[in-house]
Amino acid sequence: MQIYLVGGAVRDALMGLPVTDRDWVVVGATPDELIAQGFVPVGKDFPVFLHPQTHEEYALARLERKTAPGYRGFAVHAAPDVTLEEDLARRDLTINSIAIDADYIRARGLFDIKSSATAPAALVDPFNGQQDIADKIFRHVSAAFCEDPVRILRLARLAARFPDFSVAPETLQLMLEMVHSGEVDHLVAERVWQELSRGLMEATPSRMFEVLRDCGALARILPDVDRLWGVPQRADYHPEIDTGAHLALVLDMAARLGADLPVRLACLTHDLGKGTTPLDVLPRHLGHEQRSAQLLKGLAERLRLPTDCRELADVMAREHGNIHRSGNFDAAALVRLLERCDAFRKPQRFGQILLACECDARGRLGLAESPYPQRPRLLSALSAAQSVVTEKIASDAMATGASGQKIGELIHLARVQAVQARLQCPLPATPAH
């Protein structure tokens, strides 16, 4: 039995980056032999085991044969006679097809491989992945790359992590063929969201969408997003003009500001309504915020988005224009905006919405360092409105026989007055209601 560390852990160690997940391959063993040593089997489609102490994954070396469309259409052969080189050959990219002997790691440590003169002897690199790391190239290992459409998503996600890497021309050609053949259409929602969500959380998420557009996959996976490229906007509001270019800047601003996943998803979908959607799908008389919210519903259902991501993105799509314009709102309009955003029940989410709006405002050419006063002003308005003791208003009103609707009106008026006092903004011309 021989054990090797493989994949992203070796790649990242060679690049001097932190290693978070470690995957191991076991050569020359059977499932029974691993179970006898205390390993716990967890794999359904192929033999994967958890180490009894570290709980890291150990997989038997295996071969794969394509049997049907999609990423599930594989027959797997795992046996003691499968070599390490055969296992590495089924992997996606050369930079992920490097292995290092576990004995070397135990003796010297993982990060010794970046500087030690003895490390090359312990590395197994049959596809020159180290050279592609040095040249900053994403290159497929073999033509088998085209058998699994998830590999397109994985490569695009890695591009978001390593934005200075380029896609080898021959690899891009394979990706184009996979899209043209319809292989990408067999992707299931769970895997699409898994890779997209990870790519959105990388340092340069715009690069993921650039790669997906280059091979045509974005139009098949997220057509509502793909349609944003080529749509012009007013240059006085958007110096970058192109809506897709604006989206790329917004996503990278979200990464720069350390936004969490729901915020980044809201940034991705906030302008869907600006795309060239056919008129029979959504009439043009709707504002782009309304159109964005409608298109988001379909996207959320297709990808089965988590509830927190879906709800935050919905409010962002509907209200980001009003939030941008809120600097001119009077106290009553500010309170109505807070109510529509459900800020009193979900103040933390409202803070996320304001961060997404700041990303939108600063994600414009030449405006990345611009202040966004709407965010602190609205947070101050919320704080003022929250200072209203609603229980006392309700109890006093009920003592006079007031109904639920009347109580709501009184609470609303008190909040308007509190916001006006805090921000010194003008009172509305007509009584609040």
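Scroll up for the structure.
Only a predicted model underlies this, so the values are computations on that prediction, with no experimental measurement involved.

**Student:** Give a description of the nonpolar core that names residues and reports values.
**Tutor:** Formed by 107 residues in total, the largest nonpolar core has its most connected members in Phe138, Ile152, Phe209, Leu212, Leu222 and Val419. Of all hydrophobic cores here, the second largest spans 10 residues; its members include Ala61, Val82, Leu88 and Ala99.

**Student:** A description of the pairing of strand 5 (residues 57-60) should follow, citing residues and the corresponding values.
**Tutor:** Summarising the sheet, strand 2 (residues 23-27) and strand 5 pair through four bridges and their orientation is parallel. Opposite Trp24, over in strand 5, you have Tyr58 as the bridge partner. Taken together, the three bridges between strand 4 (residues 48-50) and strand 5 define a ladder with antiparallel strand orientation. Looking at the pairing, Phe49 lines up with Tyr58 of strand 5.

**Student:** So, the sheet that holds strand 8 (residues 99-101): which residues are in play, and what are the values?
**Tutor:** With mixed pairing, seven strands are arranged side by side in an open sheet as 3-4-5-2-1-8-9. At either margin of the open sheet sits one strand with a lone partner, and together these are strand 3 (40-41) and strand 9 (123-124).

**Student:** Describe the side chain of His246, and please don't skip the residues or the numbers.
**Tutor:** Within the element layout of this structure, His246 appears in helix 13 (residues 243-256). Residue His246 is classed as buried on the basis of its relative accessible area of 0%. Of note is the side chain of His246, whose polar atom sits 2.8 Å from the backbone oxygen of Gly363. Setting aside chain neighbours within four positions, we find His246 in contact with Gln233, His238, Glu240, His270, Asp271, Asp360, Gly363 and Arg364.

**Student:** Before we move on, can you summarise the pattern of salt bridges with the specific residues and values?
**Tutor:** Oppositely charged side chains may form a pair once their charged atoms are brought near each other. This model, assessed by the stated rule, comprises 28 salt bridges. With a shortest N-O distance of 2.8 Å, Glu319 and Arg340 are connected by a salt bridge. Taken together, the residues Glu319 in helix 16 (residues 307-325) and Arg340 in helix 17 (residues 331-340) connect sequence positions 21 residues apart. Connected via shared salt-bridge partners are Asp314, Arg318, Glu319 and Arg340.

Here is what the cut-offs are and how they apply
Residues numbered from 1 in each chain as written. Predicted model: local features only at pLDDT ≥ 70, side-chain atom pairs only at ≥ 80, totals over all residues. Heavy atoms only, no water. Core = buried A, V, L, I, M, F, W, Y, C linked by side-chain atoms within 4.5 Å. Buried < 20%, exposed > 50% of the residue type's maximum accessible area, 1.4 Å probe, protein only. Pairing = 2+ DSSP bridges. Helix = DSSP H or I, 4+ residues; strand = E, 2+ residues; numbered from the N terminus. Polar contact = N/O pair within 3.5 Å; in protein donor to acceptor, adjacent residues only side chain to side chain. Contact = heavy atoms within 4.5 Å. Salt bridge = Lys/Arg side-chain N within 4 Å of Asp/Glu carboxyl O.

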